[in-house]
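# Report on the structure
Here is how the chains run, residue by residue.
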Amino acid sequence: MNKYIKLILANLSIAAAAIVLYSPGLINLRLSDYSIFRAGMSIIAALLLILAFFLINIRLLREPDRNPVLLDDVHDLDEAKDILRSHCEGKYFGSLARTASEQLDRIFQCRQRLSGILSQKFTRGTMSFDKFDSVGAAAESSAIKNVVAMANRMRLFDEKEYARLQHYREDDIPDDIQEEQLHLYQKNFDDVRSTIAHNEKILLKLDALTMEIASSSSGEDADANNELIGEIERLIDETKYYQ
């Protein structure tokens, strides 16, 4: 939903709440009420409405943070989701940001499943447990790196400039220059989509490894497991190309 529509709806909701709270015939809060409780609530309600007005308007009108995200500042999946949150309602990257955020949820769930299976099949601290658990940890770390790369691409994206370029033939700036600018924006889109696809491949192989360990009697079908581990490690190594 467009942020300005959200802004209008939010402000209308605040106005409607004020009408309900202070109108005679409705709740009819007023400072002069003989009830100390109702008089006090009239002040508290007014303060809450004012606070809601400022918080909502500041949040919706605030320009997105353009500073790059540093990988060292993102320590887990929750923090990775946080840096995507401001982009989830964007006109151009909103859907991609939501998809990437959902992938992080699925990575977490997959890690949980893998840890549960490993605890059933192996003793914690053994070489077998550590081998599989380290692959899951590396996959999670790779997904976080990919999300940081995506967030930085999204932060560099100027929605107003991109919208202007959609009508580049109608202005006086040379078309060939603006076509190059559009090409850069399109490459940004394509790189984010490629990163999401890469995360999905890692998720697929991690799920396959979890199922393989769960279905084998001892948890150690060496050929199948080693092949999947090799594929996951290869995908993780390829993450550097998306940074």
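Residues numbered from 1 in each chain as written. Predicted model: local features only at pLDDT ≥ 70, side-chain atom pairs only at ≥ 80, totals over all residues. Heavy atoms only, no water.

What follows covers the overall build of the protein. Broken down by element type, the protein carries 8 helices and 0 strands. Reading the secondary structure of the protein in the N-to-C direction produces α-α-α-α-α-α-α-α. Counting over 243 residues, the protein shows a buried share of 35%. With an accessible surface of roughly 14,600 Å², the protein has 59% of that area assigned to carbon and sulfur atoms. (Helix = DSSP H or I, 4+ residues; strand = E, 2+ residues; numbered from the N terminus. Buried < 20%, exposed > 50% of the residue type's maximum accessible area, 1.4 Å probe, protein only. Areas by Shrake-Rupley, 256 points an atom, 1.4 Å probe, with all protein chains shown as cover.)

The next thing to look at is the environment of Gln181. Its place among the elements puts Gln181 in helix H7 (residues 175–215). Judged by its relative accessible area of 29%, Gln181 falls in the partly exposed class. Along the primary structure Gln181 and Leu165 are separated by 16 residues, whereas in three dimensions their C-alpha atoms are 8.1 Å apart. Leaving out residues up to four positions away in the same chain, Gln181 has contacts with Glu161, Arg164 and Leu165. (Contact = heavy atoms within 4.5 Å.)

Before going further, it helps to spend a moment on the confidence of the model for the protein. Detail in the predicted coordinates should be disregarded across regions flagged by low pLDDT. Of the residues in the protein, 90% have a pLDDT of 70 or more, and the chain-wide mean is 84. Across the protein, element-level confidence peaks in helix H4 (residues 94–121) with a mean pLDDT of 91 and bottoms out in helix H8 (residues 222–238) with 76. (pLDDT = per-residue confidence, 0-100.)

A few words now on the packing of aromatic side chains. Counting across every chain of the model gives 11 aromatic pairs. Between Tyr92 and Phe157, the ring centres sit 5.7 Å apart and the planes meet at 55°, which makes this aromatic pair tilted. Highlighted residues: Tyr92 in the loop between helix H3 (77–85) and H4 and Phe157 in the loop between helix H5 (127–156) and helix H6 (159–165), separated in sequence by 65 residues. When its relative accessible area of 2% is taken as the criterion, Phe157 is described as buried. Considering the side-chain rings of Phe157 and Tyr162, the 5.1 Å spacing of their centres and the 50° angle between planes classify their relative orientation as tilted. Per residue, the accessibility class of Phe157 equals that of Tyr162, and both read buried. Joined through ring pairs, the aromatic side chains of Tyr92, Phe93, Phe157, Tyr162, Tyr185 and Phe189 make up one cluster. (Phe/Tyr/Trp six-rings, centres within 6.5 Å; stacked < 30°, edge-to-face > 60°.)

The next subject is the packing of H3 against H4. Contact geometry of H3 with H4 gives a least axis separation of 9 Å together with a crossing angle of 170°. Here H3 lies roughly antiparallel to H4, going by the angle between them. From H3, Leu77, Ala80, Lys81 and Leu84 reach across to H4, where they touch Ala97, Ala100, Ser101, Leu104, Asp105, Ile107 and Phe108. A breakdown of the residues in the contact of H3 with H4 according to their chemical character gives 8 nonpolar, 1 polar and 2 charged. (Axes fitted to C-alpha atoms, helices over the stretch in contact; angles between N-to-C directions. Parallel < 35°, antiparallel > 145°, perpendicular 65-115°, else oblique. Nonpolar A, V, L, I, M, F, W, Y, C, P; charged D, E, K, R; others polar.)

What follows concerns the packing of H5 against H7. Axis separation between H5 and H7 bottoms out at 10 Å; the angle between their running directions is 165°. With respect to each other, H5 and H7 are oriented roughly antiparallel. As H5 packs across H7, the resulting crossing turns out to be left-handed. Note on element contacts: H7 touches H5 through Asn188, Asp191, Val192, Thr195, Ile196, His198, Asn199, Ile202, Leu206, Leu209 and Ile213, opposite Phe132, Val135, Gly136, Ala139, Ser142, Ala143, Asn146, Val147, Met150, Arg153 and Met154. For the contact of H5 with H7, the per-class residue count stands at 13 nonpolar, 7 polar and 2 charged. (Left-handed = near helix turned anticlockwise from the far one by under 90°.)

Here we take up H3. Buried residues of H3: Leu77, Ala80, Lys81, Ile83 and Leu84, and no others. Relative to the axis of H3, the buried residues are bounded by an arc of 160° and lie together on one face. Elements that come into contact with the buried residues of H3 comprise H4 and H5. Where H3 starts, the residue carrying a side-chain oxygen 3.2 Å from the main-chain nitrogen of Asp78 turns out to be Asp76. (Arc of directions from axis to C-beta. Polar contact = N/O pair within 3.5 Å; in protein donor to acceptor, adjacent residues only side chain to side chain.)

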